[in-house]
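An overview of the molecular structure
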Amino acid sequence: MSRPREDILGQESGEDCHVIDLMGFSDEILLHILSYVPSTDLVLSVKRACRKLATLCLDKSLTHTVVLHKDYQVSKDKVKQLLKEIGKEILQLNMAGCYWLPSSTIDHVLRCKNLVKLNLSGCHLTSLRLSKMLSVLQNLRSLAIDVNPGFDASQLSTECKATLSRVLELKQTLYTPSYGVVPCCTSLEKLLLYFEILDRSREGFILSGQLMVGESNVPHYQNLRVFYARLAPGYVNQEVVRLYLAVLSDRTPENLHVFLISAPGSFAETGATKNLLDSMARNVCLDALQLPKSWLNGFSLLQHVKFNNPFYFSFSRCTLSGLVQKVINGGKDLKSLTSLNLSGCIHCLAPDSFFRKAEDDIDSSILESLVVSCCNLRHLNLSAAHHHSSENLGKHLCQLLARLKHLLSLALPVCSITDGAANADKPPMQSVTNMLPQGFGKKARVGVQTYSRSVEQGHAKPQTSVFWTLLESLLLLESLELIGSNFSSAMPRNEPAIRNSLPACSRAQHVGDAEVAAISQLTYLRNLTLAQLPNILTGSGLIRIGAQCQHLRTLSLANLGMMGKVVYLHAFMDMLKYCKHLRDLRLEQPYFSANAQFFQALSHCSSLQRLCIISRNGTLQSDAVMSFMASCLEVIMCHMFTGESLTACKNLQQSIVRRCFLG
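Because the structure is predicted, anything quoted here is derived from the model rather than measured.

**Things to note about the overall build of the chain**
In terms of regular secondary structure, the chain is built from 23 helices and 21 strands. Considering only residue pairs separated by 6 or more positions, the chain has 75% of its internal contacts joining residues 24 or more positions apart. As displayed, the chain has an accessible area near 32100 Å², and 51% of this comes from carbon and sulfur atoms.

This is the structure we're talking about:
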């Protein structure tokens, strides 16, 4: 029998049950909540809910900075309306990566006349449109753009060049040999360059690093404090970056304190680069340093360069022995160092002038000195090398790294986390070939171990596991990479197509499901990469990760278990059912079957935005892909490289386009 509403409310109030009214919160709390709402929704929807929200949504804390980056639901009309309503209030506008918006959308940025910071990386932008826009934005101090084929600096107006002369920070992505707008930015303090120039045109013609006509003006670096250059593979990129560096070699800015060059593969030194390094060693005091490996291997820069309060070092793939000793023993104060990249530095933890073999142990005293000197590290990369620990008590790599309590990201080779003492009597996993009987006789049945689907019945902590102990000490870790030292991706991004990989490591054979289960301790884990773990038998540790790491956003798995069979598939599908917040999934595994069961499990990842499957001799079911795309509406990128025919892939692509974009 129904009761009057007053009686119900009276009873609830007597039991201290109150109705929560969102508008009853203070303005400070509401503004904090609204800061998580996309700007387009805030201005075009939430603002119209009531008078109080209409006032709050226009608060300066919400309108001064507008981020459209990765807002895949935004359209040209929404951007136009947004900038029309609050354009005059916007000081910082980030449209990076909005490749789906037509170039005419940029015209509406003219409404934001008070802009101080503008990011248009990845947007369609011509030199004429850029000139028209910058002629109005006289307060601009930070700019990010792309320079595409056809860019002509001579089309920039006098007003545009006046605006560029006041710009202090510039990020420029080059898809054609050019100085871009750098010569116009005479007050530059921070320059970020991304070289993405192809060696060949779409028509197949070989390109050169010669600058385009009208590119005779040189950059102005006299006020430069930060120089960063990242090169994609290719000789043209190297030729063009040398032109940028030539000016630096003539006169190194006195205020330069960050110098970073990221170049894959071999990047040979020249006379100009040697002069630049000599000048840096004499005249500047750095806070961050990254150089191509060949420049470090042949120059004693580390022993002569001066550092102020260094916060970032990257010596990726440097083959110098005693590298860590050279950095630490220079009498430099490294307590300010927060990021250290020693990826591929195979001799960095060995004594100077001592080239060790892959199976040799590291010098634990060197690592201990590193941990003591760089006690505030937040990011550490030791991958792509063999770092084997001896059996000395308390001197294992994992035990020493456990002292770095501030670590947020960590990358390790798989062989570095094994406990030598614990695995001394344990033979490595036998291959399938060795499991078969030799000669005549009854054939043995080859299979894999079963696993429990219950999370509670997962792996318990081994008493001697140094890896479990390490992760117990790093509970704030947000990013973890465990990569086999001999791993080589079939589709690398910024690595040369042909590269020398290290030999397979026998110690990695001892890393399996129990070690993977240890990762489930990381409650705040957001990014996880597991590659080249040959001893994965069931994948049961993945289930515990899915169930307990609820903040997981990015997951990358590659070459787990035996290469001929995906032994962890069922456990992986059970894991996906827990990954409600997963946004990026990359799976690289030969012979992977992307069937209906897999995509049904993947459909539980309702927040998924990007999917990449790389599988040599793999298969996929087109109907299952279509059902998945229909259920996961947030997906904006779906890359699948399998053994299917080109015709089948084209048909699937057309079906997805018709359903998702044409209704």
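**Details of the packing of aromatic side chains**
Within this structure, the stated rule accounts for 15 aromatic pairs. Centroid distance Y179 to Y244: 5.1 Å. Interplanar angle 80°. Geometry classified as edge-to-face. With Y179 in the loop between strand 5 (169-174) and strand 6 (190-195) and Y244 in helix 9 (residues 235-250), the pair connects residues that are 65 residues apart, well separated along the chain. The residues Y179 and Y244 share a single accessibility class, namely buried.

**What to know about empty space enclosed by the protein**
Within the structure shown, the criterion is met by three cavities of 30 Å³ or more. The calculated volume of the largest cavity comes to roughly 60 Å³. The greatest single-element share of the lining of the largest cavity, amounting to three residues, is contributed by helix 13 (residues 323-328). Classifying every residue of the lining of the largest cavity by side-chain character gives 10 nonpolar, no polar and no charged. Looking at the second largest cavity, its volume works out to about 40 Å³. Every residue along the wall of the second largest cavity is listed here: G546, C549, Q550, L552, Y578, C579, K580 and H581. Of the residues that constitute the lining of the second largest cavity, the class distribution is four nonpolar, three polar and one charged.

**Some points on the pairing of strand 14 (residues 479-483)**
For strand 14, a buried count of four out of five residues is recorded, marking the element as mostly surrounded by other parts of the structure. In terms of strand pairing, strand 13 (residues 409-413) meets strand 14 through five bridges, oriented parallel. Following the sheet pairing, A411 is matched in strand 14 by E481.

**Observations regarding unusual backbone geometry**
Not every positive phi belongs to a glycine, and N559 is a case in point at roughly 50°. With respect to the helices and strands, N559 occurs in strand 16 (residues 554-560).

**Quick look at the side chain of S339**
Relative to the helices and strands, S339 resides in strand 11 (residues 339-341). Note on S339: relative accessible area 14%, which makes it buried. Once residues lying within four places of it in the same chain are set aside, the contact partners of S339 are F311, Y312, F313, L377 and H379.

**Structural notes on the environment of F467**
Relative to the helices and strands, F467 resides in helix 17 (residues 466-473). When its relative accessible area of 1% is taken as the criterion, F467 is described as buried. Distance from F467 to Q399, taken between C-alpha atoms, is 8.2 Å for residues 68 residues apart in sequence. When near neighbours in sequence (up to four residues on either side) are disregarded, F467 contacts C398, I417, L482, E515, A518 and I519.

**Here's the deal with the nonpolar core**
Judged by nonpolar contacts, the single largest core of 175 residues is most densely connected at F227, F259, L289, F315, L401, I519 and F572. With seven residues, the top contributor of residues to this core is helix 9. Looking at which domains feed residues into this core, each of domain 1 (25-123) and domain 2 (590-662) supplies at least three. By size, the runner-up hydrophobic cluster in this structure holds eight residues, among which are L30, L34, L56 and L62.

**Remarks on the packing of helix 19 (residues 540-548) against helix 20 (residues 569-576)**
The angle between the axes and the distance between the axes are what describe a pair of packed helices. Here helix 19 crosses helix 20 at 5°, and the two axes come no closer than 8 Å. The angle between helix 19 and helix 20 places the two elements in the roughly parallel class. Listed contacts from helix 20 to S540, L542, I543, I545 and G546 of helix 19 are A571, F572, D574 and M575. Among the residues forming the contact of helix 19 with helix 20, the class breakdown is six nonpolar, two polar and one charged.

**Here's the deal with helix 2 (residues 27-34)**
Along helix 2, the residues that are buried comprise L30, L31 and L34. Considered in projection along helix 2, the buried side chains sweep an arc of 100° and stay on one side of the axis.

**Observations regarding the pairing of strand 10 (residues 306-314)**
Bridge analysis of strand 9 (residues 285-290) against strand 10 gives five bridges, and the strand direction is parallel. Within strand 10, the residue paired with L286 across the bridge is F307. As paired elements, strand 10 and strand 11 share three bridges and run parallel to each other. By the bridge assignment for strand 11, S314 is matched with N341.

**Some points on the pattern of salt bridges**
For the coordinates displayed, the defined rule picks out 11 salt bridges. Its salt-bridge partner being D107, residue R129 comes within 2.9 Å of it at the nearest N-O pair. Of this pair, R129 sits in helix 7 (residues 127-134) while D107 sits in the loop between strand 2 (92-94) and strand 3 (117-119), placing them 22 residues apart in sequence. A salt bridge links E368 to R403, with the shortest nitrogen-to-oxygen separation between them at 3.3 Å. Of this pair, E368 sits in helix 14 (residues 364-373) while R403 sits in the loop between helix 15 (397-401) and strand 13, and the two are 35 residues apart along the sequence. Taking relative accessible area as the criterion, R403 reaches 39% and is therefore assigned partly exposed. Here the salt bridges do not stand alone but share partners, grouping K47, R48 and E85 into one network.

**Looking at helix 20**
Along helix 20, seven of the eight residues are buried, which leaves the element largely enclosed by surrounding structure. When we look at burial in helix 20, the residues that qualify are L569, A571, F572, M573, D574, M575 and L576. Against helix 19, strand 16, strand 17 (584-588) and helix 21 (596-602) lie the buried residues of helix 20.

**Digging into the environment of L337**
Relative to the helices and strands, L337 is located in the loop between helix 13 and strand 11. With relative accessibility at 1%, the residue L337 sits in the buried group. For the pair L337 and D287, spaced 50 residues apart in sequence, the C-alpha to C-alpha distance is 8.8 Å. Sequence-distant contacts of L337, defined by excluding residues within four places in its chain, comprise P310, F311, Y312, F313, C374, N376 and L377.

**A closer look at the confidence of the model for the chain**
In this model, the chain carries a mean pLDDT of 86, and residues with pLDDT of at least 70 account for 85%. Taken as a whole, residues 429-446 scores under 50 in pLDDT and shows 14 contacts with residues more than four places along the chain or in a different chain.

**A few points about a nonpolar patch on the surface**
Where nonpolar side chains cluster on the molecular surface, the patch consists of I20, L22, F25, I29 and I33 and spans about 460 Å² of accessible area. A residue is classified by how much of its surface remains accessible, and I20, at 70% relative accessible area, is exposed.

**With respect to the packing of helix 9 against helix 10 (residues 271-283)**
At their nearest, the axes of helix 9 and helix 10 sit 9 Å apart, and the two run at 45° to each other. What the angle tells us is that helix 9 and helix 10 run oblique. In this structure, helix 9 crosses over helix 10, and the sense of that crossing is left-handed. When helix 9 is examined against helix 10, the residues R242, L245, L248 and S249 are found in contact with a partner set consisting of A272, T273 and L276. The residue inventory of the contact of helix 9 with helix 10, partitioned by class, reads four nonpolar, two polar and one charged.

Cut-off values and rules
Residues numbered from 1 in each chain as written. Predicted model: local features only at pLDDT ≥ 70, side-chain atom pairs only at ≥ 80, totals over all residues. Heavy atoms only, no water. Helix = DSSP H or I, 4+ residues; strand = E, 2+ residues; numbered from the N terminus. Contact = heavy atoms within 4.5 Å. Areas by Shrake-Rupley, 256 points an atom, 1.4 Å probe, with all protein chains shown as cover. Phe/Tyr/Trp six-rings, centres within 6.5 Å; stacked < 30°, edge-to-face > 60°. Buried < 20%, exposed > 50% of the residue type's maximum accessible area, 1.4 Å probe, protein only. 1 Å grid on protein atoms, 1.4 Å probe; cavity = no way out; pocket = protein on both sides within 12 Å on 5 of 7 lines; lining within 4 Å. Points joined across faces, edges and corners; volume = space filled by probe spheres on them. Nonpolar A, V, L, I, M, F, W, Y, C, P; charged D, E, K, R; others polar. Pairing = 2+ DSSP bridges. Core = buried A, V, L, I, M, F, W, Y, C linked by side-chain atoms within 4.5 Å. Domains from an automatic or database assignment. Axes fitted to C-alpha atoms, helices over the stretch in contact; angles between N-to-C directions. Parallel < 35°, antiparallel > 145°, perpendicular 65-115°, else oblique. Arc of directions from axis to C-beta. Salt bridge = Lys/Arg side-chain N within 4 Å of Asp/Glu carboxyl O. pLDDT = per-residue confidence, 0-100. Patch = residues over 30% accessible without salt bridge, like charges linked within 9 Å, V, L, I, M, F, W, Y side chains within 5 Å. Left-handed = near helix turned anticlockwise from the far one by under 90°.

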